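Descriptive analysis of the structure
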Amino acid sequence: MILVYIFVFIFGAVVGSFLNVCIHRLPRAESIVFPASHCANCNRPIPWYYNVPIISYLVLGGRCKFCKAKISLRYLVVEGLSAVMLTVLFWRFGAKPELAIYATFFSALIVISFIDIEHWIIPDEISLPGAALGLIISGVYPALQGQASRLIALRESLFGILFGFVSLYLIGLIGKFAYKKEAMGGGDMMLLMFIGAFLGWKLTIVAFFVAPVFGSIVGVPRLIMRKQETIQYGPFLAIAAFICVLLRNEILTVFPI
Ligand SMILES: [Zn+2]
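Being a predicted model, the structure only gives us computed values, none of them experimental. Each chain carries its own residue numbering, running from 1 in the direction its sequence is written. A pLDDT threshold of at least 70 governs which residues receive local features in this predicted model, and a stricter bar of 80 or more applies before side-chain atom pairs are shown or counted, although totals over entire chains, interfaces and linings include all residues. Excluded from the side-chain calculation are hydrogens and water; included are all heavy atoms of the structure.

This part takes up the overall build of the chain. Secondary structure elements follow DSSP: runs of H or I of four or more residues count as helices, runs of E of two or more count as strands, with numbering from the N terminus. Looking only at helices and strands, the chain features nine helices and zero strands. Reading the chain from its N end, one meets helices and strands in the order α-α-α-α-α-α-α-α-α. Only C-alpha atoms enter the radius of gyration; for comparison, a globular chain is expected to reach 2.2 Å times N to the power 0.38, where N is the number of residues. For the chain, the C-alpha radius of gyration of 19 Å lies close to 18 Å, the compact-globule estimate for 257 residues. C-alpha atoms of the chain, sized along the principal axes, occupy 60 × 50 × 30 Å. For every residue, the accessible area obtained with a 1.4 Å probe (protein chains only) is divided by the maximum for its type, and the residue is called buried under 20%, exposed over 50%, and partly exposed between those limits. Within the chain, the proportion of its 257 residues that are buried is 44%. Exposure was quantified through the Shrake-Rupley algorithm and a 1.4 Å probe, taking into account, for residues, occlusion by the shown protein chains and nothing else. Approximately 13900 Å² of the chain is accessible, and the part contributed by carbon and sulfur atoms is 73%.

This is the structure in structure tokens:
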């Protein structure tokens, strides 16, 4: 059994190195399949034996083998995070369809979170097709919403999308009214709609209220230290969504309907 977990962890790290490529290239409108990995500084192609997830970064001390330029710590963090994410999902759901569905979903959330951290944008190119995909999967595989009926599963997913739209639209309105400026970007709204489609409205409501807790733990000290007025909210929504998925059954029993 331990071998299976090791395999899942390694597979997650490999997925993570692909996610790194997406995080680097999507905001720059570059293709994610071509060309092969190259150093962002000297442009030399990286041979596979220097491109082993997690290990290469540690062996090379976080520097390019050729030009010795520093490689962003983000590469190591994303590979590790992806590996842990997949391992935890496997532990929680086993080899069921939920594993593949949630792994795809949270891979997208990792990409979105790190693009948000680096560029302060949440790409709608992922969130909107993602929301549509979540709705479709809920109809095809209603167990994703903890339902037996396809129609009810579709309703749960659709209400999740609606909750994401309405709640952040209202916060945006209140922010404009109270502070005379954008409180929450449109990207956050699309992201919560994406989360709503996969999680259904019940888990999404819980995630919506859990996210600010993490946001304030990390955000408040940063706001004070750097005197910034806003923080990237995407990563906190992603963390909250992950916790809600792990506690899915427990949360769903709390709701009477
Ligand atoms: Zn280099």
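A few words on the coordination of the zinc ion. Protein coordination of the zinc ion is provided by C39 (SG), C42 (SG), C64 (SG) and C67 (SG), with donor distances spanning 2.3 Å. The donor set covers N, O and S atoms within 2.8 Å of the metal, switching to 3.2 Å for Na, K and Ca, and it leaves out water, so a site may look short of donors. Written as a sequence motif, the donor arrangement for the zinc ion is C-x2-C-x21-C-x2-C. One end of the pair, C39, is in the loop between helix 1 (2-25) and helix 2 (55-59); the other, C67, is in the loop between helix 2 and helix 3 (74-93), and 28 residues separate them in sequence. Of the residues examined, C39 reaches a relative accessible area of 8% and is grouped as buried. Classification of C67 by relative accessible area gives partly exposed; the value is 28%.

Time to look at the domain arrangement of the chain. Per the domain assignment, the segments of the chain are domain 1 (1-95) and domain 2 (123-257). Contacts between the two partners involve six residues from domain 1 and, on the opposite side, six residues from domain 2. By convention, the term buried area covers the 1.4 Å-probe accessible surface removed from two parts as they join, with the contributions of both added. For the domain 1 face of the interface with domain 2, the top three residues by lost area are V88, R92 and F93, together amounting to 65%. Salt bridges are defined by distance alone: a side-chain nitrogen of Lys or Arg within 4 Å of a carboxyl oxygen of Asp or Glu. Linking domain 1 with domain 2 are zero salt bridges. Polar contacts, as counted here, are pairs of nitrogen or oxygen atoms within 3.5 Å of one another; within protein the pair requires one atom able to donate a hydrogen and one able to accept it, and residues that are adjacent in sequence qualify only if both atoms are side-chain atoms. Counting across the domain 1 and domain 2 interface gives one residue pair in polar contact (both at pLDDT 80 or more). Residue classes follow a fixed rule: Ala, Val, Leu, Ile, Met, Phe, Trp, Tyr, Cys and Pro count as nonpolar, while Asp, Glu, Lys and Arg count as charged, and any other residue, Gly among them, counts as polar. Looking at side-chain class alone, the side of domain 1 that touches domain 2 contains five nonpolar, no polar and one charged residues. An automatic or database domain assignment supplies the residue ranges for each domain. Whether two residues are in contact is decided by their heavy atoms: any pair within 4.5 Å suffices.

On to the packing of aromatic side chains. Only rings of Phe, Tyr and Trp enter the pairing, Trp through its six-membered ring, and a pair is recorded when the two centres are within 6.5 Å. The plane angle decides the type: under 30 degrees is stacked, over 60 is edge-to-face, the rest tilted. By the definition in use, this model includes 17 aromatic pairs. The interplanar angle of 20° and the centroid separation of 6.4 Å between the aromatic rings of F7 and F11 together place this pair among those described as stacked. Of this pair, F7 and F11 both sit in helix 1, four residues apart, roughly one helical turn. Grouping aromatic residues by their ring pairs yields a cluster made of F93, Y102, F105, F106, F194, F198 and F242. Each ring is checked for a lysine NZ or an arginine CZ that lies within 6 Å of its centre and within 35 degrees of its normal; such an atom marks a charge sitting over the ring. Positioned above the aromatic ring of Y75, the side-chain terminus of R74 is 4.5 Å from the ring centre.

What follows deals with the nonpolar core. Note that soluble globular proteins tend to have their nonpolar side chains buried in a common cluster. Only buried residues count toward a nonpolar core. Its members are Ala, Val, Leu, Ile, Met, Phe, Trp, Tyr and Cys residues joined through side-chain atoms within 4.5 Å. Formed by 55 residues in total, the largest nonpolar core has its most connected members in L89, F105, F106, L109, F194 and L199. Only helix 1, helix 3, helix 4 (97-119), helix 5 (124-140), helix 6 (150-179), helix 7 (186-226) and helix 8 (234-246) provide two or more residues apiece to this core. Here this core takes 14 residues from helix 7, the largest share from any one element. Counting only domains with at least three residues in this core, you end up with domain 1 (1-95) and domain 2 (123-257). Other than its neighbours up to four places away in sequence, L89 contacts G94, L99, Y102, A103, F106, F242 and V245. Judged by nonpolar contacts, the second largest core, of five residues, contains A13, I54, Y57 and A83.

Further remarks concern the side chain of R25. Its location among the elements puts R25 in helix 1. By the counting rule applied here, Lys and Arg register as positive and Asp and Glu as negative, while His and the ends of each chain are not counted. Buried charge without a salt bridge: R25, with E30 as the nearest opposite-charge side chain at an N-O distance of 4.2 Å. Within the structure, R25 has its side chain in polar contact with the backbone oxygen of P35 (distance 2.9 Å). Discounting residues that sit within four places of it in the chain, R25 has contacts with E30, S31, I32, V33, F34, P35, A36, S37 and H38.

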